[in-house]
Amino acid sequence: MTESGNARLDDAARAGWLYYIAGRTQDEIARSLNVSRPTAQRLVSLCRAENLITFRMTHPIGACMELAARLAERHRLLHCDIVPADGTRATSFTGMAEAAAIYLERMLRSGRSLAIALGTGRSMRASVERVAPAEYPLHRLISLVGNISPDGSASRFDAPGKLADITGAQYFPMPLPLHAATPEQRDQMLAIDAVRRIFALAADADIRLSGISQIDHDAVFLRDGFITRDELFDSMRLGGVGEVIGWIFDRDGRILDQGLNCRVTSVAPHGSADRPHICVACGADKVVPLHAALIGGLVNGLVTDETTARMLLAC
């Protein structure tokens, strides 16, 4: 079966689960999947025609949707997508990136002009690289994080720039390093008119997507050269367990008001009742920062694999 055929079966499985198990109406299914009501009806019919559902799901995504529903209810998430896991990190990472790409494609095809704000990193780059090329010039893509590496070069994991190449959408890069040398320099950088406009666009974005990283001895920040070992140890001493779009937070999901956060130049995470900030991440090393970000309301959406989801539910 082609990739598009598999994706349509996945959509049919989601529609069938929402209709037969979650008890959603077809209007609610259409809104959830960001499709028209007739399309939602056809997906429910396809679910039955392909024998994806009897008295319970026969498609493997059924168990994942049960996990997603439990996580969404526990943390009041606006969006939650769980992909199957076979025990290998590579497969889980690929499935997670595919799911994030499918979500992005749904948003891009929505028929209305959207402001989509994106973080950087491996998960986000892998996700946008899987988006099918098409022209969506009415959308605006906003970078939440500076795309300049510590050595002055462009970041290898610039996700919004790559998505702009794929879609032809208008792109607003953040022309800054992730950390300024001093808090005073940070204030000067953020006062630049172009940067202030990007922050204003990000504040009004319809959707935010980002990855998340742990703050420990194997921190991505350290491996990629964004911080020194002394800065990492200082962040850990202050209680940092994770970072999202550059901001370090503690076990309760509280943004630290000391250390590196006094010099970070990225847009700050914030909770919203109606605008999703979806975190794309999986793996045992992400469980502690993910749990903290969820209970602290730093993110209100999640794309992960079923192993990570079960570990989060066990926290």
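Here the structure is shown first, and the text comes after it.
So, here is what we can say about the structure in this document. (Residues numbered from 1 in each chain as written. Predicted model: local features only at pLDDT ≥ 70, side-chain atom pairs only at ≥ 80, totals over all residues. Heavy atoms only, no water.)

### Some points on the nonpolar core
Residues Leu71, Ile82, Ile142, Ile212 and Phe249 are the most contacted members of the largest nonpolar core, which totals 72 residues. Each residue touching Leu71, except ones within four places of it in the same chain, is listed here: Arg76, Leu77, Cys80, Ile82, Leu302, Ala309, Leu312 and Leu313. Of all hydrophobic cores here, the second largest spans 28 residues; its members include Ala100, Met124, Ala159 and Cys282. (Core = buried A, V, L, I, M, F, W, Y, C linked by side-chain atoms within 4.5 Å. Buried < 20%, exposed > 50% of the residue type's maximum accessible area, 1.4 Å probe, protein only. Contact = heavy atoms within 4.5 Å.)

### Here we look at the packing of helix H12 (residues 287-295) against helix H13 (residues 306-314)
Each pair of packed helices can be described by the angle between their axes along with the distance between the axes. Closest axis-to-axis distance for the H12/H13 pair is 10 Å, and the angle between their directions is 60°. Comparing their axes, H13 and H12 come out oblique. Crossing hand, H12 versus H13: right-handed. From H12, Val287, Leu290, His291 and Leu294 reach across to H13, where they touch Thr308, Met311 and Leu312. Classifying every residue of the contact of H12 with H13 gives five nonpolar, two polar and no charged. (Axes fitted to C-alpha atoms, helices over the stretch in contact; angles between N-to-C directions. Helix = DSSP H or I, 4+ residues; strand = E, 2+ residues; numbered from the N terminus. Parallel < 35°, antiparallel > 145°, perpendicular 65-115°, else oblique. Left-handed = near helix turned anticlockwise from the far one by under 90°. Nonpolar A, V, L, I, M, F, W, Y, C, P; charged D, E, K, R; others polar.)

### Considerations on the packing of helix H5 (residues 89-108) against helix H6 (residues 122-129)
Two numbers describe how H5 lies on H6: the axes approach to 8 Å, and their chain directions differ by 60°. As judged from the angle between their axes, H5 and H6 are oblique. Crossing angle aside, the handedness with which H5 passes H6 is right-handed. Mapping the contact onto sequence places Phe93, Met96, Ala97, Ala100, Ala101 and Leu104 in H5 and Arg122, Ser123, Ala126, Ser127 and Val128 in H6. When its residues are assigned to classes, the contact of H5 with H6 shows eight nonpolar, two polar and one charged.

### What about empty space enclosed by the protein?
Applying the stated criterion across every chain, the model contains two cavities of 30 Å³ or more. In this structure, the largest cavity occupies an estimated 70 Å³ of space. Residue lining of the largest cavity: 12 residues in total, with Ala205, Arg208, His270, Arg275 and Pro276 positioned closest to the centre. For the lining of the largest cavity, the secondary structure elements donating two or more residues are helix H9 (193-203) and strand E5 (207-210). Along the lines of polarity and charge, the residues of the lining of the largest cavity split into five nonpolar, four polar and three charged. By volume, the second largest cavity is sized at about 30 Å³. What lines the second largest cavity is Asp234, Ser235, Leu238, Ile248, Leu256, Gln258, Gly259 and Leu260. Taken together, the residues that form the lining of the second largest cavity break down as four nonpolar, three polar and one charged. (1 Å grid on protein atoms, 1.4 Å probe; cavity = no way out; pocket = protein on both sides within 12 Å on 5 of 7 lines; lining within 4 Å. Points joined across faces, edges and corners; volume = space filled by probe spheres on them.)

### Remarks on the sheet that holds strand E4 (residues 170-172)
Pairing in this open sheet of seven strands is parallel, and the strands run E1-E10-E9-E5-E2-E3-E4 from one edge to the other. Every other strand in the sheet has two partners, leaving strand E1 (79-83) and E4 as the edge strands with one partner each. Neighbour-to-neighbour, the strand axes of this sheet turn through a mean angle of 15°, independent of strand direction. One ladder, built from three bridges, connects strand E2 (residues 115-118) with E5; its direction is parallel. (Pairing = 2+ DSSP bridges.)

### Description of the pairing of strand E9 (residues 277-280)
Here E9 shows a buried face lined by His277 and Cys279 and a second buried face lined by Ile278 and Val280. Relative to strand E10 (residues 301-305), E9 is paired through three bridges, and the arrangement is parallel. Opposite Ile278, over in E10, you have Gly301 as the bridge partner. What joins E9 to E10 is H12, and the crossover it makes is right-handed. (Right-handed = clockwise from strand over helix to strand, strands pointing away.)

### Description of the sheet that holds strand E7 (residues 242-244)
Paired through backbone hydrogen bonds, the strands of a sheet run either parallel or antiparallel to each other. One open sheet holds the three strands; their spatial order is E6-E7-E8, and the pairing between them is antiparallel. Of all the strands in the sheet, just strand E6 (213-214) and strand E8 (247-249) have a single pairing partner and so form its edges. Pairing of E7 with E8, which is carried by three bridges, proceeds in the antiparallel orientation. By the bridge assignment for E8, Val244 is matched with Trp247. Running over the sheet, H12 touches E6, E7 and E8 and is turned about 90° from E8.

### Considering the packing of aromatic side chains
Per the counting criterion, the structure on display carries two aromatic pairs. When the ring of Tyr19 is compared with that of Tyr20, the centres are 4.9 Å apart and the planes differ by 90°; the resulting orientation is edge-to-face. Between Phe221 and Phe226, the aromatic rings sit 6.3 Å apart at their centres with planes inclined by 45°, giving tilted as the arrangement. (Phe/Tyr/Trp six-rings, centres within 6.5 Å; stacked < 30°, edge-to-face > 60°.)

### Focus: the side chain of Asp158
Mapped onto the secondary structure, Asp158 falls in the loop between strand E3 (140-143) and helix H7 (159-167). Although buried, Asp158 forms no salt bridge, and the nearest oppositely charged side chain, Arg125, lies 5.8 Å from it. A polar contact is formed between the side chain of Asp158 and the backbone nitrogen of Gly161, at a distance of 3.4 Å. Separated by 3.2 Å, the side chains of Asp158 and Tyr171 make a polar contact. Setting aside residues up to four positions removed in sequence, Asp158 forms contacts with Thr120, Arg125, Asn147 and Tyr171. (Lys, Arg positive; Asp, Glu negative; His and termini not counted. Salt bridge = Lys/Arg side-chain N within 4 Å of Asp/Glu carboxyl O. Polar contact = N/O pair within 3.5 Å; in protein donor to acceptor, adjacent residues only side chain to side chain.)

Interpretation in functional terms is not warranted from these geometric data alone.
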